[in-house]
Amino acid sequence: MGNKQTIFTDEQLDAYQDCTFFTRKEILRLHGRYHEMAPNIVPMDYTKDPDVKLPIQLIINMPELKENPFKERIVEAFSEDGDGNLSFNDFVDMFSVLSEMAPRELKAIYAFKIYDFNTDNFICKSDLEKTLNKLTREELTAEEITLVCEKVIEEADMDGDGKLAFADFENMISKAPDFLSTFHIRI
Amino acid sequence: MEPRWAQTGRDGADDDDWGQQQPPSSLFLQLPSNATLRFRGNVAKAWGAALDEGEPPGAPQERDGEGAREQESVPLKQLPLCMAEKRILRLREQRVAWKRSRWEQWQVGMRHLWGQVRGALLYAQVWRGSLHRIEGHFGTGIQSYFNFLRFLVLLNLGGALLMVGFVVAPNAAFEGLQLNQTQQGQNSMVNRSCLQYDPTERGLVSYFTYLMDLLSGTGFMELTHLFYGYYPNSAVDFVGFSYNIPLAYLLSVLGYFSVCLLWIVHRAVHLLKRSLVGENGELSTYSHKVFAGWDFCLAPGTAAAMKHNSLRYELRMDLEEQTLRRVMAQRSPGQRLALFSLRGALNLLVLGLLGAAFYGVYRATEYSQRAQQDTSPGQQGLVLGLLVAYLPSIVITAANQLVPLAFGLLVRLERYPLSLEIRLTLLRTVFLRLSSLLVLLFSLWTQITCHGDPAADSCRICHHNHQQHPCWETSVGQEMYKLLVFDLLVLLLVLLLVEFPRKLLVTHGPAPLARLLGQQEFLVPPNVLDLVYGQTVCWVGTAFSPLLPLLHAAKLILLFYLKKLTLFSNCRPADRTFRASSSSFFFLLVLLLGLAIAWVPLLYSVFVLQPSQACGPFRGEPTMWSTLWAAIDTLPLVAREFLQFVGSLAFAVPLFLLLCILMFYLMALDHSYSCLVKELKGQLRLEGQDKVFLVTQITELS
């Protein structure tokens, strides 16, 4: 680019470029978005790697996430403490996985984490019910929800334990033709 | 502070919904298969997974024995770790990089470069911003239509480049430079009357004939680069080689079709690879809808509410369909017989409708051609003249719009499950649209060759109907040109007279009327079929009108902007989502069908029909294909023998048999793989039960 920017060192930008699917310009733009959410807390100078985290309430108000029924789970899945507080590294990582260049396997791992509401490493019936309620805004009847959950487990569960482990989930999602195009946020 | 993940799955066996005693989840969490799914940062350590300095974390499926080699081949970006760990890995990699040999460094550099090129190409795509906006507001289903439209624009531009580069531009250059052209194919045995062809001789004409000529390709437009009749049957000699115009024409037309075929097949395979179809896709509809149903790209606004509604609607429809299937399976034989006879009668009705439509097209073409020859253009008024000239197009368009409505009504009476209903209507509509084009061509053929009878009065002398069609290739080209222009005109008219007024009525009109009409919905399948139909027309006409791909590309670019305009101003998102990628493959399949249909008139004209003797680059030749044979004869002996062998039956039949054997082998392989998959699934189920049993025993013993 040529113009001097003082937010990151060159070494940091190179590291970001290697570790995510973004270019330098996009990393700087992401920093701008991160900064404008809380200009008082987020410093403009990231050369010393400051330890700044934004709370979940700010992040789920972003226009890209606002209408998403799984916004809390997405942010929690990418936060280090599991509570949804994102540092800038986590922020960039989140959008990198959700970008269009991330491969299917990587997206499947995080999709599994997102749909696993009680974080027990299985998608059990209660997780499925919560997912369905969020998807349809709780407008399906209880009987319909039970039917759909049973159908989903019947379709995807391979080892017969009544819940989906990661292997089951990945096998099922690899056959979904539009997973790559729907599990994708543009920023 | 205990993270939330650790607050669940505590000790003590819990009962799940099936009433079985499940062993405590804490033991499950310690199994190796669960440890592969690492949480980020510090939490991962608490799971007991190894993440110390000396041990690089692996890819999610840890395979034994594949250590550092495997690590390097997975790029850093694709590892599911947090940024700090990735940075540590990166530093380690850089330290190792110094020790690599030059070959390995070059390999890594190449891979890096290739990744950057691919990223750059992704950004260089045309109309990326518009597609982004469409995806955000209307979802991936409607975006797939615009993706398909963009693909067609590129296909047509590529084809236009080929045709213009090898046929139109050299001709224009030769004329402009006034180069010496040696005439070929002079046949002195031909009757004088067959050589008469002068479309520009008219005498005094009224002013509107120029407008008519522009819209129907006659008059001043007929003897131009646009149509086949203009090109001479000659060769231009340069130093070392001679540019044979008829040969160039034939080869570029065949090359254009082959390039289109290869490009479409390549894209279809690319799309198919993305949807790994291991088994029947029907088996995963619910899980796909739940986990891959929500479009994360939706921008805030009404689109999100629409998406919730459509997902709920879809799930309800699926459940209803299931109950319907159960009811269907329980029908008595008497009911089944009644249903089958009803379906048989309705199918006959559908065939009757199709037959009526085809007959209408046939008669309209006949009438239009005869009327255009009988009366000179100046005698009729402008509107009447245009009506007569465009009669086939009008009838085809009317049939294409009205008959599918009838299909939609009839298919509901047949009481199929919903998914089958949609597919059946689509298939019938596709058949209608492509066949009406074939009927038009058939009608033209009967006129040109006097119903296939070479001994008929008008066809005896010149081998085709000379009075009506002195240059029959140009007539066919003109018909296709008219279809293209009419398609565009209809689009503009519908936009101005139907869609915008409807939007005005809905927003500003009286409430009951607004509720009755409802805002327009952008339906993807009819629009895609329109595109396929237009592309088939372009393909059929290219052999007789070399500039048609260029005109079609311009029309498609205009169409993109018009459709985008109407989408954002008038439409609301669809109630029923059309699954994006599976339907992209379906669009390409229908496009291939159109291409296959376009091959038929091309091959027939090239191999069977005699070219007009009065015009075109093949005048005086017995068939278009004979120029190729004449050119082959000038090649050296070995090449000639080889090409003759390749074209003979002795080569084609063994090749065909070999391909059949290969196909049967692949089918057998596929069958054996699916049997293997079923077996493995059964084994996996048994292993799962074993695991639960063993863990229960362990907890009981400990």
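Note that residues are indexed from 1 along each chain, following the sequence as it is written. Chain letters and ligand numbers both follow the written order, the letters beginning at A and the numbers at 1. Thresholds applied to this predicted model are a pLDDT of at least 70 for local features of residues and 80 or more for the giving and counting of side-chain atom pairs; totals over whole chains, interfaces and linings are not thresholded and use all residues. Just so you know, side-chain values use all the structure's heavy atoms and leave hydrogens and water out.

- Per an unreviewed UniProt entry, the recorded name for chain A is Calcium and integrin-binding family member 2, and the organism is Terrapene triunguis.

## Considering the overall build of chain B
Phase 1: A count of helical and extended segments in chain B gives 24 helices and seven strands.
Phase 2: Per-residue burial over chain B gives 42% buried out of 702 residues.
Phase 3: Taking contacts inside chain B between residues at least 6 apart in sequence as the whole, the part at least 24 apart equals 74%.
Phase 4: Total accessible area on chain B is roughly 37800 Å²; 66% of this is exposed by carbon and sulfur atoms. Only DSSP runs of H or I with at least four residues qualify as helices, and only runs of E with at least two residues qualify as strands; both kinds are numbered from the N terminus onward. For each residue, the accessible area found with a 1.4 Å probe, counting protein chains only, is set against the maximum for its type, and the residue is called buried under 20%, exposed over 50%, and partly exposed in between. We call two residues contacting when some pair of their heavy atoms lies within 4.5 Å. Per-residue and other accessible areas follow the Shrake-Rupley method at a 1.4 Å probe size, with only the shown protein chains counted as cover for residues.

## A word on the overall build of chain A
Phase 1: When helices and strands are counted, chain A shows eleven helices and two strands.
Phase 2: Secondary structure elements of chain A, listed N to C terminal, follow the sequence α-α-β-α-α-α-β-α-α-α-α-α-α.
Phase 3: The dimensions of chain A, computed from C-alpha atoms along their principal axes, are 60 × 30 × 25 Å.
Phase 4: The buried share among the 187 residues of chain A stands at 63%.
Phase 5: Pairs at least 24 residues apart make up 56% of the contacts formed inside chain A by residues separated by at least 6 positions.

## Overview of the interface of chain A and chain B
Phase 1: Listed per partner, the contact involves 89 residues of chain A and 77 residues of chain B.
Phase 2: Two parts placed together each lose some accessible area under a 1.4 Å probe, and adding up what both lose gives the buried area. Across the chain A to chain B interface the summed buried area is about 7700 Å²; carbon plus sulfur atoms make up 58%.
Phase 3: When a carboxyl oxygen of Asp or Glu lies within 4 Å of a side-chain nitrogen of Lys or Arg, that pair is called a salt bridge. At the junction of chain A and chain B, the tally comes to seven salt bridges.
Phase 4: Put simply, A:Glu100 and B:Arg128 hold a salt bridge, and the shortest N to O gap is 3.7 Å.
Phase 5: N or O atoms closer than or at 3.5 Å make up a polar contact, with two conditions inside protein: a donor-capable atom paired with an acceptor-capable one, and, for residues adjacent in sequence, both atoms drawn from side chains. The interface formed by chain A and chain B contains 16 residue pairs in polar contact (both at pLDDT 80 or more).
Phase 6: Among the elements that take part in the side of chain A that touches chain B, helix 1 (residues 10-19) of chain A stands out by supplying eight residues, more than any other.

## Some words on the nonpolar core
Phase 1: Nonpolar cores were defined as sets of buried Ala, Val, Leu, Ile, Met, Phe, Trp, Tyr and Cys residues, with membership established by side-chain atoms within 4.5 Å. B:Tyr145, B:Phe146, B:Phe148, B:Trp539 and B:Leu591 are the most contacted members of the largest nonpolar core, which totals 102 residues.
Phase 2: The dominant element in this core, judged by the number of residues it contributes, is helix 8 (residues 140-177) of chain B, at twelve residues.
Phase 3: Beyond its immediate chain neighbours, meaning those up to four positions away, B:Leu591 contacts B:Phe148, B:Phe151, B:Leu152, B:Ile264, B:Val532, B:Gln535 and B:Trp539.
Phase 4: Counting residues in each nonpolar core, the second largest holds 82 residues, with A:Phe95, A:Ala111, A:Leu140 and A:Met172 among its members.

## With respect to the sheet that holds strand 4 (residues 234-237) of chain B
By way of backbone hydrogen bonds, the strands of a sheet pair with one another, either parallel or antiparallel.
All names here are of chain B.
Phase 1: Pairing is antiparallel across the open sheet formed by three strands, whose spatial order is 3-4-5. Either end of the sheet is taken by a strand with one partner, and the two such strands are strand 3 (181-183) and strand 5 (242-244). Along the sheet, successive strands turn relative to each other by an average axial angle of 30 degrees, direction set aside.
Phase 2: One bridge is not enough; two strands pair if DSSP finds at least two bridges between them. Inspection of the sheet shows strand 4 paired to strand 5 by three bridges, in the antiparallel sense. Across the sheet, the residue bridging to Val236 is Tyr243, located in strand 5. What counts as an axis is a line fitted to C-alpha atoms, over the stretch in contact for a helix, and the angles between N-to-C directions run from 0 to 180 degrees.

## Examining the UniProt feature "domain: EF-hand" (unreviewed entry) in chain A
All names here are of chain A.
Phase 1: Look at the UniProt record and you will see "domain: EF-hand" (unreviewed entry) annotated at residues 66-101, 103-138 and 144-179.
Phase 2: A helix fraction of 53% and a strand fraction of 6% characterise residues 66-101, whose end C-alpha atoms lie 23 Å from each other.
Phase 3: In the segment residues 144-179, helix accounts for 64% and strand for 0%; the C-alpha atoms at its two ends are 24 Å apart. UniProt positions are given in the numbering used here, feature names are shortened, and annotations may be inferred rather than shown by experiment.

## Some thoughts on unusual backbone geometry
All names here are of chain A.
Phase 1: Of note, the phi angle at Asn121 is positive, near 70 degrees, even though the residue is not glycine.
Phase 2: Note that Asn121 resides in the loop between helix 7 (104-115) and helix 8 (125-136).
Phase 3: The exposure class of Asn121 is buried, given its relative accessible area of 3%.

## What about the packing of aromatic side chains?
Phase 1: Here is the rule: rings of Phe, Tyr and Trp (six-membered ring for Trp) pair when centre to centre is within 6.5 Å. Planes less than 30 degrees apart are stacked, more than 60 are edge-to-face, and the remainder are tilted. For the structure shown, the criterion picks out 45 aromatic pairs over all chains.
Phase 2: Relative to A:Tyr16, the ring of A:Phe8 lies with its centre 5.5 Å away and its plane at 75 degrees, an arrangement referred to as edge-to-face. Per residue, the accessibility class of A:Phe8 equals that of A:Tyr16, and both read buried.
Phase 3: Here the aromatic residues A:Phe8, A:Tyr16, A:Tyr34, A:Tyr46, A:Phe88, A:Phe91 and A:Phe95 are joined through ring pairs into a cluster of three or more.
Phase 4: In this scheme, the term charge over a ring applies when either NZ of a lysine or CZ of an arginine sits within 6 Å of the ring centre and within 35 degrees of the ring normal. The ring of B:Phe568 carries the charged tip of B:Arg133 above its face, separated from the ring centre by 4.4 Å.

## Side note on the environment of B:Ala630
Phase 1: Looking at the secondary structure, you find B:Ala630 in helix 22 (residues 625-633).
Phase 2: For the pair B:Ala630 and B:Leu247, spaced 383 residues apart in the sequence, the C-alpha separation amounts to 9.5 Å.

## Some points on the state of the cysteines
Phase 1: Cysteine sulfur atoms that come within 2.5 Å of each other are treated as a disulfide pair. One pass over the structure, following the stated rule, counts one disulfide over all chains.
Phase 2: Linked covalently through their sulfurs, B:Cys471 and B:Cys615 form a disulfide whose S-S length is 1.8 Å. One disulfide, between B:Cys471 and B:Cys615, carries an S-S torsion of 95 degrees and so falls in the right-handed class. Here the residue B:Cys471 occupies a position in the loop between helix 16 (418-448) and helix 17 (472-508), and B:Cys615 occupies one in the loop between helix 21 (580-607) and helix 22, the gap between them amounting to 144 residues. Side by side, B:Cys471 and B:Cys615 carry an identical accessibility label, which is buried.
Phase 3: For A:Cys124, which is in no disulfide, the shortest distance to another cysteine sulfur is to A:Cys149 and amounts to 10.0 Å.

## Let's talk about the pattern of salt bridges
A side chain with one charge can pair with a side chain of the opposite charge if their charged atoms come near.
Phase 1: By the definition in use, this model includes 23 salt bridges over all chains.
Phase 2: For B:Arg90, the salt bridge identified is with A:Glu11, shortest N-O distance 3.6 Å. Here B:Arg90, found in helix 5 (residues 83-97), pairs with A:Glu11, found in helix 1, and the two come from separate chains.
Phase 3: With a closest N to O distance of 3.8 Å, A:Glu129 and A:Lys125 form a salt bridge. Taken together, the positions of A:Glu129 and A:Lys125, both in helix 8 and four residues apart, correspond to about one turn of that helix.
Phase 4: One network of salt bridges, in which partners are shared, links A:Asp10, A:Asp14 and A:Arg24.

## What to know about the side chain of B:His552
Residue and element names in this part refer to chain B.
Phase 1: One can find His552 in helix 20 (residues 548-570).
Phase 2: Residue classification places His552 among the buried positions, given a relative accessible area of 1%.
Phase 3: Apart from residues lying up to four places away in sequence, His552 is in contact with Asn156, Leu484, Gly534, Gln535 and Cys538.

## A few points about the domain arrangement of chain A
Residue and element names in this part refer to chain A.
Phase 1: The split of the chain into domains comes from an automatic or database domain assignment. Once the domains are mapped, chain A shows domain 1 (10-98) and domain 2 (104-182).
Phase 2: For domain 1 and domain 2, the distance between their C-alpha centres works out to 26 Å.
Phase 3: If you look at the interface, domain 1 gives ten residues, while domain 2 gives twelve residues.
Phase 4: Interface of domain 1 and domain 2: buried area, both sides summed, is about 1000 Å²; carbon and sulfur atoms make up 73% of it.
Phase 5: In terms of surface lost to domain 2, no three residues of domain 1 exceed Phe70, Arg73 and Val97, which account for 58% of the buried area on that side.
Phase 6: Counting across the domain 1 and domain 2 interface gives one salt bridge.
Phase 7: Taking the shortest distance from any N to any O, the salt bridge between Lys134 and Glu72 comes out at 3.8 Å.
Phase 8: At the junction of domain 1 with domain 2, the criterion picks out three residue pairs in polar contact (both at pLDDT 80 or more).

## Let's talk about a nonpolar patch on the surface
Phase 1: The patches reported here contain residues having more than 30% relative accessible area and no salt bridge. Joining distances are 9 Å for like charges and 5 Å for nonpolar side chains (Val, Leu, Ile, Met, Phe, Trp, Tyr). Together, B:Trp103, B:Trp106, B:Met110, B:Leu113, B:Trp114, B:Val117 and B:Leu121 make up a nonpolar patch on the protein surface, roughly 790 Å² of accessible area in all.
Phase 2: Secondary-structure assignment places B:Met110 in helix 6 (residues 102-123).

## Observations concerning helix 11 (residues 285-292) of chain B
Phase 1: For helix 11 of chain B, the buried fraction is high: seven of the eight residues fall into the buried class.
Phase 2: Where helix 11 of chain B is buried, its residues touch helix 7, helix 8, helix 9 (142-156), helix 10 (166-174) and helix 11 (179-182) of chain A together with helix 12 (302-329) of chain B.

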